[in-house]
Amino acid sequence: MAPTYNLETTIQKAIDDGIVPGVVLYARNKDGTLNYSHAAGYASLCPSNPRPMTTHTILALASMTKLLTSISILQLLDSPSYRDSFPLGLDTPVTDPSYPKTYLPDLASLPILSPTTTDPFATRSRTKHITARHLLTHSSGCGYTFLHPSLIAWNEWKLKQQGKTPHLPIATAFAQTVPEQFSCPLLFEPGEGWAYGCGIDWVGWMLEKVSGMSLDDWLQENLVKKLGLEKGKVTFYPERVWPTEGEEGKRERVAEMGKREEGNGVGTAGGGGYARKTKHVDSPQLMKPADRGAFGGQGGFADLGAFCEVVHSLLVDDERLLKKETAQLLFEGQLKEEKAKQAINEGMKTPEWVVGYVEVPAEAKGLVYDWSAGGLHVVEPGKADQSGRWRRKGYLGWGGVFNLNWAGVCGVFGAQTLDPCDPLIEPLIKDFEKEIYEKHGVK
């Protein structure tokens, strides 16, 4: 049974109005009564070669990559070959040299930002060790230099000292390695707060050290092959997958970025005389990552049908990716320290930085969030009799800065725009998720 999507009409109108260039939707449920896909609009607005969006267009996942890396590190815990590398499980330190297999010296060297009245960029030494759990749950103190005000200021100060300027104010890696990109001060002692950031990029870096494989090779062997996916459907390097094709042939498979402009005129994706347009954005550094390391928090690409297969495998708990007891870590809160639990719920009271819909804790009495090993987790959904409520206890989901989102029913929403956390796209994501949950979720 397919959704009765008035939403498809709404999405097409958003495309015609120049709000978003193109959209891909996938949805499945646990009992197999829902298997839905839809694509509309454009994968590229390049004036010389506009291309339609299809259900198999490859999209840059941005932070939706984090789920793939989280699954990968849990697979290490599952594997007899690597289990001894994690004698304390997720609580194994990664900044303690007495645990040499997981020790990350570059991360261990990072101080904590500790401003004073005379020095806004003063730092102090860390007194607690960072663990794998801290990195997975954003409670390590690792932040983003484009998101947190103190790190934004620190990064601008540092770049000014070096005579450099930021590339783009988005979560896109342009350095060659994780340490080069993310060696910024911590925001707090590990476990004493919660701040969305680059912890899972460090997790991917750790996986490469422990396994001796690149993160992309691990993904191909332990996710793509195990799910029986076609080569190139999930990868960090789409341009490596089809080496015999020319540059244009490779780019034909991958969506390019659009960006909305307000003003007079109608854009390539526009129509009907609306005073906005969505234009093509040439972003070669984003679309050609072949010369960089794999960034586990943001660098993945996927056919969203393949990404939906990943989420569905977890939903039905078929053990193709993880053993049942390990997969459960994805559906349970993993923050251990009370300060971190308080901090995430405080952070979700101002969720404008989050892609997709976040119900604000203050708006729903009893609503409690946590972070699982894989995403935002609803510990308590609040009062069930409130109108407009559909998320239940155990909800799991997250998004990506280019206006993508996934939820564990499961549904995947994909767009490719350089309008991060777009308030005009958020209602589309919200309505898509709501329809799936209300009509096709577990009752």
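- Going by what an unreviewed UniProt entry lists, the chain is known as Beta-lactamase/transpeptidase-like protein and is assigned to Neurospora hispaniola.
- A UniProt comment under Sequence similarities (unreviewed entry) is attached to the chain, and it reads "Belongs to the class-A beta-lactamase family."

1. Structural notes on the packing of helix 2 (residues 65-78) against helix 12 (residues 304-316)
Each pair of packed helices gets described by two things: the angle between the helix axes and the distance between those axes.
Part 1: In contact at an axis separation of 11 Å, helix 2 and helix 12 are set at 50° when each is read in the N-to-C sense. As summarised for this structure, helix 2 and helix 12 are arranged oblique, according to the angle between their axes. Considering the relative orientation of helix 2 and helix 12, their crossing is left-handed. Packed against helix 2, whose contacting residues are Leu 67, Leu 68 and Ile 71, the element helix 12 presents Phe 307, Val 310, Val 311 and Leu 314 at the interface.

2. What about the sheet that holds strand 10 (residues 301-303)?
Part 1: Pairing within the open sheet is antiparallel, and its three strands lie in the order 4-10-7. Strands with a single pairing partner mark the edges of an open sheet, and in this sheet they are strand 4 (58-60) and strand 7 (234-235).
Part 2: As paired strands, strand 4 and strand 10 are joined by three bridges and run antiparallel to one another. Counterpart to Leu 59 in the pairing with strand 10 is Ala 302.

3. What about helix 12?
Part 1: Under the 1.5 Å per step criterion, the end-to-end length of helix 12 is 18 Å for 13 residues, consistent within 8% with the ideal 18 Å.
Part 2: Most of helix 12 sits inside the fold, with twelve of its 13 residues counted as buried.
Part 3: Regarding helix 12, the residues found buried are Leu 304, Gly 305, Ala 306, Phe 307, Cys 308, Glu 309, Val 310, Val 311, His 312, Ser 313, Leu 314 and Leu 315.
Part 4: The backbone nitrogen of Gly 305 has a side-chain oxygen 2.7 Å away, supplied by the residue at the start of helix 12, namely Asp 303.
Part 5: Positive backbone phi, at 55°, marks Asp 317, one or two positions downstream of helix 12.

4. Thoughts on the side chain of Thr 102
Part 1: Position of Thr 102 relative to the elements: it lies in the loop between helix 2 and helix 3 (105-108).
Part 2: Apart from the residues within four sequence positions on either side, Thr 102 is in contact with Ser 85, Phe 86, Thr 92, Pro 93, Val 94, Met 206 and Val 210.

5. Things to note about the sheet that holds strand 11 (residues 367-371)
Part 1: Here eight strands make up an open sheet; going across it, the order is 3-2-1-15-14-13-12-11 and the pairing antiparallel. With partners counted over all chains shown, the strands left at the sheet margins are strand 3 (51-52) and strand 11, one partner each.
Part 2: Both strand 1 (residues 22-28) and strand 2 (residues 35-44) contribute to a ladder of seven bridges, which runs antiparallel. The partner of Ala 27 across the bridge, within strand 2, is Tyr 36.
Part 3: Those strands touched by helix 12 are strand 1, strand 14 (404-407) and strand 15 (411-414), and its axis lies near 25° from that of strand 1.
Part 4: Lying on the sheet, helix 14 (residues 338-347) is in contact with strand 11 and strand 12 (376-381); it crosses strand 11 at an angle near 115°.

6. Section: the packing of aromatic side chains
Part 1: Summed over the entire model, instances satisfying the criterion amount to 16 aromatic pairs.
Part 2: Residues Phe 182 and Phe 295 carry aromatic rings whose centres are separated by 6.1 Å and whose planes lie at 70° to one another, so their mutual orientation is edge-to-face. Of the two residues, Phe 182 sits in helix 6 (residues 178-182) while Phe 295 sits in the loop between helix 11 (284-287) and strand 10, which places them 113 residues apart along the sequence. Of the two residues, Phe 182 and Phe 295, neither departs from the other in class, the shared state being buried.
Part 3: Between Tyr 395 and Tyr 437, the ring centres sit 6.0 Å apart and the planes meet at 45°, which makes this aromatic pair tilted. Of this pair, Tyr 395 sits in the loop between strand 12 and strand 13 (396-400) while Tyr 437 sits in helix 15 (residues 426-440), placing them 42 residues apart in sequence. You'll find Tyr 395 and Tyr 437 in the same group, each marked buried.

7. Description of helix 7 (residues 199-211)
Part 1: Between its first and last C-alpha atoms helix 7 spans 18 Å; for 13 residues at 1.5 Å apiece the expected length is 18 Å, and the two agree.
Part 2: In terms of burial, helix 7 is a largely internal element, ten of the 13 residues being buried.
Part 3: Residues of helix 7 that are buried in the fold lie against helix 2, helix 3, helix 4 (132-136), helix 6 and helix 8 (215-224).
Part 4: In the segment just after helix 7, Gly 212 is the residue with positive phi, at about 75°.

So, how was this worked out
Residues numbered from 1 in each chain as written. Predicted model: local features only at pLDDT ≥ 70, side-chain atom pairs only at ≥ 80, totals over all residues. Heavy atoms only, no water. UniProt positions renumbered as here; feature names shortened; annotations may be inferred. Axes fitted to C-alpha atoms, helices over the stretch in contact; angles between N-to-C directions. Helix = DSSP H or I, 4+ residues; strand = E, 2+ residues; numbered from the N terminus. Parallel < 35°, antiparallel > 145°, perpendicular 65-115°, else oblique. Left-handed = near helix turned anticlockwise from the far one by under 90°. Contact = heavy atoms within 4.5 Å. Pairing = 2+ DSSP bridges. Expected span 1.5 Å × (residues − 1). Buried < 20%, exposed > 50% of the residue type's maximum accessible area, 1.4 Å probe, protein only. Polar contact = N/O pair within 3.5 Å; in protein donor to acceptor, adjacent residues only side chain to side chain. Phe/Tyr/Trp six-rings, centres within 6.5 Å; stacked < 30°, edge-to-face > 60°.

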